[in-house]
Amino acid sequence: MPLTGSASSPASMLDEIPRGAKVLWVTSTGGHLAELNLIAERIQPSAGSRWVTFETAQSIDALQDRPHLFVDYVSPRDVRAAVRAARKVLPLLRRERFDACVSTGAGVAATILPLAAWTGIPTYYVESLARPHGPSTTGRILAHVPRVRTATQYASWADSRWSYAGSILQDWSVEQGPVKEGPLKILVTLGTIAPYRFDRAVDAVLSMLGPQDEVVWQLGSTTRTDLPGEVHDQVSVERLTALSSAADVVVAHSGVGSVLQQFSLGKSPVLAVRRSAHQEHVDDHQTGLAETLSAHGLAGVLDLDRPSRQLLLEAASRTVVPPPSFCSDLELEPGATADRS
């Protein structure tokens, strides 16, 4: 599952979209929005391009100066909500002309992209970085829709139906410093995917804390009253960025939005993986992403059954470094406050 290739990727089929094109961007929030923003930075579309997504703190901040249309939230596998979103977008497709439609998922794309393709817009679906072993349910649906081009960020499962588009994280590296000792400033951010709790991650962190550690918790749906430090359900994008920057180590759920935000700040996070068997997510796709990032040394993975403080100390000594070509134009909208990956 390599994260290698040309530093200018995602590319391949997306090279067909000329710079300055008017693009309809369709995406869920969280990691999907963060990934699609990176692709948009590469394509450099016209100012008249339009974004279709959900209204969250992340999307409000990211799209405040860009034309957008907010649709109601589409939860995983909620067909009715996906159809309602498509109905809201249909007048836009009839009213405006677009040169391309691009999406990274999730459910909101399953109904809107076929509409875009049906109206004659060149339509592209890039599967999320969160899917290293194969396409999501949305991807499997769209791969069979006429006129929708599909691509993967993993060469290992590319085939005649799925072209390899490179990875948005390829060629990133890690600088290793001396292992930190003593008390830590720790940020724990579990995303805000509703209604899934993640108590196993909270309990694992609690077992690793030292008496002098300072902890800030962003828990989403995991409401707790037994925690030391500063506790929040959600924080603003600006606040989460500041807390991440100030932390020695960040423990995050293995959602793409959370990961991309921490990488953009130079942080090598410790990832806690949600599992469907514990009712922590709709499926186990976070496992593959965590394994891939760990294999490339970009992140640590927390053993929720046998947590070790040493993992926190090692993560605090690492710095994630983007390739030089990313430094001038990589501006990620932090995704962890609304991470639905």
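Our structure's up above, just so we're on the same page.
Quantities reported herein were computed from a predicted structural model and do not represent experimental measurements.

**Q** Would you explain the overall build of the protein chain in this entry?
**A** From N to C terminus, the protein chain includes 11 helices and 15 strands. The C-alpha radius of gyration of the protein chain comes to 19 Å, within 12% of the 20 Å expected for a compact globule of 341 residues. Taking all 341 residues of the protein chain together, the buried fraction comes to 57%. Surface summary for the protein chain: the accessible area is close to 13,600 Å², and the carbon and sulfur share equals 50%.

**Q** For this particular structure, what's the right way to read the sheet that holds strand 10 (residues 214-218)?
**A** Within a beta sheet, neighbouring strands are joined by backbone hydrogen bonds and run either parallel or antiparallel to one another. If you trace the six strands from one edge of the open sheet to the other, you get 11-10-9-12-13-14, paired in parallel fashion. One side of each edge strand has no neighbouring strand; the edge strands of this open sheet are strand 11 (230-232) and strand 14 (300-301). Where strand 9 (residues 185-189) lies against strand 12 (residues 249-253), four bridges are found, and the strand directions are parallel. Note that in strand 12 the partner of Leu187 across the bridge is Val250. Strands strand 9, strand 10, strand 12 and strand 13 (270-272) of the sheet are contacted by helix 6 (residues 199-208), whose axis makes an angle of about 180° with strand 10.

**Q** Before we go on, may I ask you to explain the pairing of strand 1 (residues 23-27) in this structure?
**A** Put simply, side chains in a regular strand alternate between the two faces of the sheet. Counted residue by residue, strand 1 has five buried out of five residues, so it is predominantly covered. Across the two faces of strand 1 the burial is the same, with Val23, Trp25 and Thr27 and Leu24 and Val26 all buried. In terms of strand pairing, strand 1 meets strand 4 (residues 100-105) through five bridges, oriented parallel. Note that in strand 4 the partner of Leu24 across the bridge is Cys101.

**Q** Hey, could you run me through the sheet that holds strand 5 (residues 123-126) in this one?
**A** The strand order across the open sheet formed by seven strands is 3-2-1-4-5-6-7, and the pairing between neighbours is parallel. In the strand order of this sheet, the two ends are held by strand 3 (68-70) and strand 7 (162-164), each with one partner. Between one strand and the next, the sheet's axes are offset by a mean angle of 25°, whatever the strand orientation. In this structure, strand 1 lies alongside strand 2 (residues 50-53), joined through three bridges in parallel fashion. Bridge assignment links Trp25 to a residue of strand 2, and that residue is Trp51. This element, helix 3 (residues 79-95), spans strand 1, strand 2 and strand 3 of the sheet and lies at about 155° to strand 3.

**Q** Can you help me understand the pairing of strand 2 in this one?
**A** Burial along strand 2 is two-sided: the residues Arg50 and Val52 and Trp51 and Thr53 are all buried. Following the chain from strand 1 across helix 1 (residues 31-43) to the adjacent parallel strand 2, one finds a crossover that is right-handed. The β-α-β motif built from strand 2, the intervening helix 2 (residues 57-62) and the parallel element strand 3 has right-handed crossover chirality.

**Q** What is the right way to read the pattern of salt bridges from this model?
**A** If the charged atoms of two oppositely charged side chains come close together, the side chains can form a pair. Per the counting criterion, the structure on display carries 12 salt bridges. For Glu96, the salt bridge goes to Lys22, with nearest N and O atoms at 2.9 Å. Pair noted here: Glu96 is in the loop between helix 3 and strand 4 and Lys22 is in the segment before strand 1, with a separation of 74 residues, a long-range link. Between Arg306 and Asp303 there is a salt bridge, with the nearest N and O atoms lying 3.4 Å from each other. The network of salt bridges with common partners includes Arg197, Asp199, Asp203, Arg224 and Asp226.

**Q** Got a minute to help me understand the environment of Ile43 in this structure?
**A** Relative to the helices and strands, Ile43 is located in helix 1. Given a relative accessible area of 6%, Ile43 falls into the buried group. Residues Ile43 and Arg94, spaced 51 residues apart in sequence, show a C-alpha to C-alpha distance of 24 Å. Ignoring anything within four residues of it in the chain, the contact list for Ile43 reads Ile17, Pro18, Arg19, Gly20 and Trp25.

**Q** I'm lost on the packing of aromatic side chains in this one. Help?
**A** Following the criterion strictly, the structure yields five aromatic pairs and no others. Each member of the aromatic cluster is reached from another via a ring pair, and the members are Tyr125, Trp157 and Trp162. Against the face of Phe98 rests Lys22, its NZ or CZ located 5.0 Å from the ring centre.

How each quantity is defined
- Per-chain numbering applies: the sequence of each chain, read as written, is numbered from 1 onward.
- Totals for whole chains, interfaces and linings use all residues, but because this is a predicted model, local features are given only for residues with pLDDT of at least 70 and pairs of side-chain atoms are given and counted only at 80 or more.
- Heavy atoms throughout the structure, all of them, feed into the side-chain values; hydrogens and water do not.
- Segments assigned H or I by DSSP are reported as helices when at least four residues long, segments assigned E as strands when at least two residues long, and all are numbered from the N terminus.
- Only C-alpha atoms enter the radius of gyration, while the globule expectation follows 2.2 Å times N to the 0.38, with N the number of residues.
- For every residue, the accessible area obtained with a 1.4 Å probe (protein chains only) is divided by the maximum for its type, and the residue is called buried under 20%, exposed over 50%, and partly exposed between those limits.
- Per-residue and other accessible areas follow the Shrake-Rupley method at a 1.4 Å probe size, with only the shown protein chains counted as cover for residues.
- Here a strand pair is declared whenever DSSP counts at least two bridges between the two strands.
- Working rule for contacts: check all heavy atoms of both residues, and any pair within 4.5 Å makes them a contact.
- Structural elements are reduced to axes, namely lines fitted to C-alpha atoms, with helices fitted over the stretch in contact, and the angle between N-to-C directions of any two is expressed from 0 to 180 degrees.
- Throughout, right-handed denotes a crossover for which the path from the first strand over the helix to the second runs clockwise when the strands point away from the viewer.
- One side-chain nitrogen of Lys or Arg within 4 Å of one carboxyl oxygen of Asp or Glu is enough to make a salt bridge.
- Only rings of Phe, Tyr and Trp enter the pairing, Trp through its six-membered ring, and a pair is recorded when the two centres are within 6.5 Å. The plane angle decides the type: under 30 degrees is stacked, over 60 is edge-to-face, the rest tilted.
- Working rule: Lys NZ or Arg CZ, within 6 Å of ring centre, within 35 degrees of ring normal, means a charge sits over the ring.

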